[in-house]
Amino acid sequence: MGLIKKYFSNTRKPDGILGKMMVSGMNKAHAGVSDWGIRHLSSIQPQTIIELGCGGGRNAAQLLNNFPKATLTALDYSEVSVEKTKQVNRREIQHKRCQVLQGNVAALPFSENSFDLATAFETVYFWPGPTESFREVWRVLKPNGLFLIVNESDGTNRSDEKWLDVIEGLQIFDKAQLSNFLKDAGFSKIIVDHDETKHRLCIMAMK
C-alpha cells in the first residue's frame with residue numbers, strides 16, 4: 001500500500017502516527033460542512049447529546065458551545081480519535097459536561113431513551129448496515145429525539161467515486177438511500193436539506 005493510500009485509509013479508523021495526522025486534518029477540513037449542519041439545530045435545546053464517530057473532537061466542542069446547558073457523550077471506535085477528542089474537550093470533561101468513550105455504533109453501550117440528540121458528521125459512510133446501526137441510534141434516543149446526519153458527499157458527484165478505491169470500506173449514499181435506511185430503522189419524520197451546488201447533505205430524523 002502506497003503512503004498516500006495508507007494515509008487516507010485512516011479515514012475509516014484512525015490509527016498510529018498517520019491516524020493522529022488524519023484526525024487533526026479532519027477538524028480543519030470538515031469544519032465548514034459541520035458548521036452548516038449544526039445550524040440546522042437552531043430551533044432545539046437538547047439536554048443530552050451523543051456525538052457518534054467523534055473523529056478529532058472539534059464537532060463535540062462546537063455542540064457543547066452551542067448548547068451550554070447540555071451534557072455530551074462522544075463515541076468513536078478509534079482509540080486515536082478518542083484520545084484526540086479528550087484532548088480537545090478536556091475542560092468540558094473536567095467540568096463533567098463531556099465524556100468520551102471507545103465503542104461501536106452497531107452496539108451502543110447505552111440504555112433505551114438516553115439522549116435528546118444524536119449527531120453523525122462525515123461518518124455514516126463506514127457504519128455497518130447501516131440500517132442496523134441506525135436502529136441502534138433510534139433505540140438510545142428519547143421519544144421525539146432527533147438524529148442529525150451531515151455528509152460532505154451526496155452520492156451524486158462523480159468525482160467522489162475516486163475515493164471508493166482509496167478508502168477501504170467507504171460507501172457513499174444519496175439522500176433517498178439514507179432516508180430509506182432511516183425509515184427501515186424506525187424513524188418517523190425525516191427532513192432533508194440537499195445542497196446540490198456543494199454536493200452536501202443534512203438529514204434530520206425524528207424518533
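Model, not experiment: these values are computed from the prediction.

Conventions adopted
Residues numbered from 1 in each chain as written. Predicted model: local features only at pLDDT ≥ 70, side-chain atom pairs only at ≥ 80, totals over all residues. Heavy atoms only, no water. Helix = DSSP H or I, 4+ residues; strand = E, 2+ residues; numbered from the N terminus. Contact = heavy atoms within 4.5 Å. Areas by Shrake-Rupley, 256 points an atom, 1.4 Å probe, with all protein chains shown as cover. Buried < 20%, exposed > 50% of the residue type's maximum accessible area, 1.4 Å probe, protein only. Lys, Arg positive; Asp, Glu negative; His and termini not counted. Salt bridge = Lys/Arg side-chain N within 4 Å of Asp/Glu carboxyl O. Polar contact = N/O pair within 3.5 Å; in protein donor to acceptor, adjacent residues only side chain to side chain. Axes fitted to C-alpha atoms, helices over the stretch in contact; angles between N-to-C directions. Left-handed = near helix turned anticlockwise from the far one by under 90°. Nonpolar A, V, L, I, M, F, W, Y, C, P; charged D, E, K, R; others polar. Pairing = 2+ DSSP bridges. Right-handed = clockwise from strand over helix to strand, strands pointing away.

Regarding the overall build of the chain
Here is step 1: Counting secondary structure elements, the chain contains eight helices and seven strands.
Here is step 2: Taking all contacts inside the chain whose residues are at least 6 apart in sequence as the whole, residues at least 24 apart take part in 70%.
Here is step 3: Accessible area of the chain: about 10,200 Å², with a carbon and sulfur share of 50%.

Digging into the side chain of Lys-207
Here is step 1: On the secondary structure map, Lys-207 appears in the segment after strand E7 (200-206).
Here is step 2: Buried Lys-207, no salt bridge; nearest opposite-charge side chain is Glu-112, N-O distance 6.4 Å.
Here is step 3: Within the structure, Lys-207 has its side chain in polar contact with the side chain of Asn-113 (distance 3.0 Å).
Here is step 4: Apart from the residues lying within four places of it in its own chain, the contact partners of Lys-207 are Asn-113, Trp-138, Arg-139, Leu-141, Lys-142, Pro-143, Asn-144, Gly-145, Phe-187 and Ser-188.

Quick word on the packing of helix H3 (residues 31-38) against helix H4 (residues 58-66)
Here is step 1: Relative to each other, H3 and H4 sit at 30°, their axes nearing to 11 Å. In terms of crossing hand, the pair formed by H3 and H4 is right-handed. For the pair formed by H3 and H4, the contact residues are Ala-31, Ser-34, Asp-35 and Ile-38 on the first element and Arg-58, Asn-59, Gln-62, Leu-63 and Asn-66 on the second.
Here is step 2: Grouping the amino acids of the contact of H3 with H4 by side-chain chemistry returns three nonpolar, four polar and two charged.

Let's talk about the pattern of salt bridges
Here is step 1: Throughout the structure, instances matching the rule amount to six salt bridges.
Here is step 2: One salt bridge connects Glu-83 with Lys-86, and the closest N-O pair in it is separated by 3.8 Å. Here Lys-86 and Glu-83 lie together in helix H5 (residues 79-88), a separation of three residues that amounts to about one turn.
Here is step 3: Judged by relative accessible area, Glu-83 falls into the partly exposed class, the value being 44%.
Here is step 4: Accessibility expressed as a relative area gives 33% for Lys-86, which makes it partly exposed.
Here is step 5: The partner of Arg-97 in a salt bridge is Glu-92, with the nearest N and O atoms 3.1 Å apart. Comparing Arg-97 with Glu-92 shows no difference in burial state: the two are buried.

A word on the pairing of strand E4 (residues 115-121)
Here is step 1: Of all seven residues in E4, six are buried, a share of seventy percent or more.
Here is step 2: Both strand E1 (residues 48-52) and E4 contribute to a ladder of three bridges, which runs parallel. The residue of E4 that forms the bridge with Ile-49 is Leu-117.
Here is step 3: With six bridges connecting them, E4 and strand E5 (residues 141-151) associate as parallel partners. Residue Ala-120 lies in a different strand from E5, and its bridge partner there is Ile-149.
Here is step 4: The handedness of the E4 to E5 crossover, carried by helix H7 (residues 131-140), is right-handed.

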